[in-house]
Amino acid sequence: MNINKVMVIGAGQMGSGIAQVCAVSGYDVILHDLKQEFVDRGLGTIEKNLARQVEKGKITAQDKAAALSRLTPSIDLNNASGIDLVIEAAVENMDIKTKLFSELDEIAPAHAILASNTSSLPITEIAAATKRPEQVIGMHFMNPVPVMRLVEIIRGLATADEVYEAIEDMSKTLNKVPVEVNDFPGFVSNRILMPMINEAIYTLYEGVASKEAIDEVMKLGMNHPMGPLTLADFIGLDTCLYIMETLHEGFGDDKYRPCPLLRKYVKAGWLGKKSGRGFYVYN
């Protein structure tokens, strides 16, 4: 399976990062979103990131220009008619994703692979919305995409071996390290990370220690680069809550029950760095 042309759906932080690494690695990339302003913002982010890399001497100005020339903006899903791979990085909502995959199934060429960057939702359920479940797979990139080298590749129940191998090989061309994961709620990364963050929130909620102390213990004692409460703020507390709810529902186990303090912060609109306030205050 040759992959030359990629469509990335969703021009937000994750989608623009995925589009950037694909374009830098020599793929022709269509960056798609619902509105032109979203696409323009995503392309602006990519340009800034590449300019920063030129300043640091990591790439040349010619490399930057070549990568940008491979990017095509899109607000029409029918542009998927000529691609080899779709990487969906839309909002983390099953109804939205299944509708999108059903539409893509009708538009994309018969050989095209449909991949989702979902961080917790079942690939098997997403694949069931298509008539090509064997060509549906998970590609879970880490944030920030241009920096983080891991890609979790998630096999759905029906994912074909040759589709897995094509995505594994393609991930390596992006200078990423692909890791094979089976389709369970939260996969590996979030199944382990989110309960740790949730437990840190419970530790704060129960008054065991201050937020600064909890983060310091994990940084100095466990050699984590960032404390769990700071990390939750960077991920977004609404995202953390959503993933915990997905784990709780998927496994039916109370060890995944979201901490009441996490729910309270989300209801207050304290979503972390993106809203200016979470466990910490950001200017």
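The structure under discussion appears in the preceding block.
Every chain begins its residue count from 1, and numbering advances along the sequence as written. Two thresholds apply to this predicted model, a pLDDT of at least 70 for residue-level local features and 80 or more for giving and counting side-chain atom pairs, whereas whole-chain, interface and lining totals are computed over all residues. The basis for every side-chain value is the complete set of heavy atoms in the structure, and neither hydrogens nor water enter the calculation.

Chemist: Looking at this structure, how should I read the overall build of the chain?
Modeler: Per the secondary structure count, the chain includes 11 helices and eight strands. Dimensions along the principal axes, computed over C-alpha positions, put the chain at roughly 55 × 45 × 35 Å. Summary of the burial criterion: residues with accessible area below 20% of their type's maximum are buried, those above 50% are exposed, and those between are partly exposed, where the area comes from a 1.4 Å probe applied to protein chains only. The proportion of buried residues among the 283 residues of the chain is 48%. Here a residue-residue contact requires only that any non-hydrogen atoms of the pair lie within 4.5 Å. A sequence separation of at least 24 residues applies to 67% of the contacts in the chain between residues at least 6 apart. We count Lys and Arg on the positive side and Asp and Glu on the negative side, and we leave His and both chain ends out. Lysine's charge is taken at NZ, arginine's at CZ, aspartate's at CG and glutamate's at CD. When the 28 positive and 36 negative side-chain charges of the chain are each reduced to one mean point, those points stand 7 Å apart. Strands here are runs of E lasting at least two residues and helices are runs of H or I lasting at least four, both read from the DSSP assignment and numbered beginning at the N terminus.

Chemist: How should a positive patch on the surface be read in this particular structure?
Modeler: There is a patch of like positive charges on the surface, built from Lys-48, Arg-52, Lys-56 and Lys-58. Structurally, Lys-56 can be placed in the loop between α2 (36-55) and α3 (61-69). With a relative accessible area of 57%, Lys-56 lands in the exposed category. Residues with no salt bridge and a relative accessible area higher than 30% make up the patches, which join like charges within 9 Å and nonpolar side chains (Val, Leu, Ile, Met, Phe, Trp, Tyr) within 5 Å. Computed with a 1.4 Å probe, the accessible areas rest on the Shrake-Rupley method; for each residue, only the protein chains presented here act as cover. When a carboxyl oxygen of Asp or Glu is within 4 Å of a side-chain nitrogen of Lys or Arg, the pair counts as a salt bridge.

Chemist: Where do I start with the nonpolar core in this structure?
Modeler: Taken as a class, soluble globular proteins show a tendency for nonpolar side chains to be buried jointly. Ranked by size, the top nonpolar core spans 36 residues in total, and within it Ile-3, Leu-85, Phe-141 and Met-170 carry the most contacts. Among the elements that make up this core, the one with the highest residue count is helix α1 (residues 13-24) (six residues). The term nonpolar core refers to a set of buried residues drawn from Ala, Val, Leu, Ile, Met, Phe, Trp, Tyr and Cys, joined through side-chain atoms within 4.5 Å. By size, the runner-up hydrophobic cluster in this structure holds 23 residues, among which are Leu-229, Leu-241, Met-244 and Leu-261.

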